[in-house]
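Now for the letters of each chain:
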Amino acid sequence: QKEVEQNSGPLSVPEGAIASLNCTYSDRGSQSFFWYRQYSGKSPELIMSIYSNGDKEDGRFTAQLNKASQYVSLLIRDSQPSDSATYLCAGYSSASKIIFGSGTRLSIRP
Amino acid sequence: DTEVTQTPKHLVMGMTNKKSLKCEQHMGHRAMYWYKQKAKKPPELMFVYSYEKLSINESVPSRFSPECPNSSLLNLHLHALQPEDSALYLCASSQDYPIPDTQYFGPGTRLTVL
């Protein structure tokens, strides 16, 4: 079992709609979680970090963490074509390393 | 400012060459990282430096040799690489280690080994 799992996609969402990206993790000792956006050929760019159960909002982005269910999600409201990218979910494991999921490819269609 | 810089942006080298990748941050971070990323795969951790000392080596072959001259600089020395080492090499930094804090990535060096 992978430590951080994501659906690889592609996830296709119409422009203006809400994109919902999901991630599960197996290490109950994981404390912190991160969402990175990566455009093709570029480096990962931090979108959100979340440390506590519940929701965290930043502009059009909302991260949700449920430690009991070992589940992390990212909602993108009012999706724009520029949101088309691969989204990497990552968790800080009990082994003191960031473990990345395999990424979800998101495509926003006009 | 959350900027990590890396040079060069692109590097092509033969299997007998010796080259170095450089990474710099001026955020006062005490932890720096090297990752390797192959196409359509997530980044893979290679090395972690904390307070200029090597904390983690993820069983990386000795043809990759990291160096941390000071708290702002991180180098990766390359020697006798193989074509399968071609990848995007990413440097990252964070406030401290092993505190579970955000890592900020540089733009990467695209390495091609012929």
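Structure: above.
Throughout this description, residue numbers start from 1 for each chain and increase along the sequence as written. Throughout, the order in which chains and ligands are written sets their labels, letters from A for the former and numbers from 1 for the latter. Confidence filtering applies because this is a predicted model: local features only for residues at pLDDT of at least 70, side-chain atom pairs given and counted only at 80 or more, and all residues used for totals across whole chains, interfaces and linings. Where side-chain values are given, they derive from all heavy atoms of the structure, hydrogens and water being excluded.

### Remarks on the pairing of strand β11 (residues 109-113) of chain B
Residues and elements named next belong to chain B.
Logical step 1: Exposure classes here rest on a 1.4 Å probe applied to the protein chains alone. A residue is buried below 20% of its type maximum, exposed above 50%, and partly exposed in between. The secondary structure listing takes helices from DSSP runs of H or I that are at least 4 residues long and strands from runs of E that are at least 2 residues long, numbered from the N terminus. Every second residue of β11 is oriented toward a common face, the buried set being Thr109, Leu111 and Val113 and the non-buried set Arg110 and Thr112.
Logical step 2: In this scheme, strands are said to pair when DSSP sees at least two bridges between them. Bridge count for strand β2 (residues 10-13) against β11 is four bridges, and the pairing is parallel. The partner of Leu11 across the bridge, within β11, is Leu111.
Logical step 3: Pairing between strand β9 (residues 87-94) and β11: three bridges, direction antiparallel. Following the sheet pairing, Ala87 is matched in β11 by Leu111.

### Concerning the pairing of strand β4 (residues 31-37) of chain B
Residue and element names in this part refer to chain B.
Logical step 1: Of all seven residues that make up β4, seven are buried, and the element is covered over most of its length.
Logical step 2: What you see with β4 is no split at all: Ala31, Tyr33, Tyr35 and Gln37 on one side and Met32, Trp34 and Lys36 on the other are buried throughout.
Logical step 3: Examined bridge by bridge, β4 and strand β5 (residues 44-50) share six bridges and lie antiparallel to one another. By the bridge assignment, Trp34 is partnered in β5 with Phe47.
Logical step 4: Hairpin geometry of β4 and β5 is characterised by an intervening segment of six residues between the two adjacent antiparallel strands and by a positive phi of about 60° at Lys40.
Logical step 5: Where β4 meets β9, seven bridges bridge the pair, whose relative direction is antiparallel. Residue pairing in the sheet places Lys36 in a bridge with Tyr89 of β9.

### Here we look at the interface of chain B and chain A
When the parts of a complex come together, some accessible area is lost, and that lost area is often taken as the interface size.
Logical step 1: Working rule for contacts: check all heavy atoms of both residues, and any pair within 4.5 Å makes them a contact. Each side of the interface is counted separately: chain B has 21 residues, and chain A has 21 residues.
Logical step 2: Buried area adds together the accessible area that both of two parts lose upon being put together, with accessible area traced by a 1.4 Å probe. Here chain B meets chain A over a buried area of about 1500 Å², counting both sides, of which 57% is carbon and sulfur.
Logical step 3: We define a salt bridge as a contact between a side-chain nitrogen of Lys or Arg and a carboxyl oxygen of Asp or Glu at a distance within 4 Å. Linking chain B to chain A there are one salt bridge.
Logical step 4: In this structure, B:Glu58 and A:Lys97 form a salt bridge, with 2.9 Å as the shortest nitrogen-oxygen distance.
Logical step 5: Whenever a nitrogen or oxygen atom comes within 3.5 Å of another N or O atom, the pair is scored as a polar contact, on the condition that within protein one atom can donate a hydrogen and the other can accept it, and that pairs from neighbouring residues in sequence are kept only if both atoms are in side chains. Joining chain B to chain A, the criterion identifies eight residue pairs in polar contact (both at pLDDT 80 or more).
Logical step 6: For the side of chain B that touches chain A, the elements supplying multiple residues, two or more each, are β4, β9 and β10 (104-105) of chain B.

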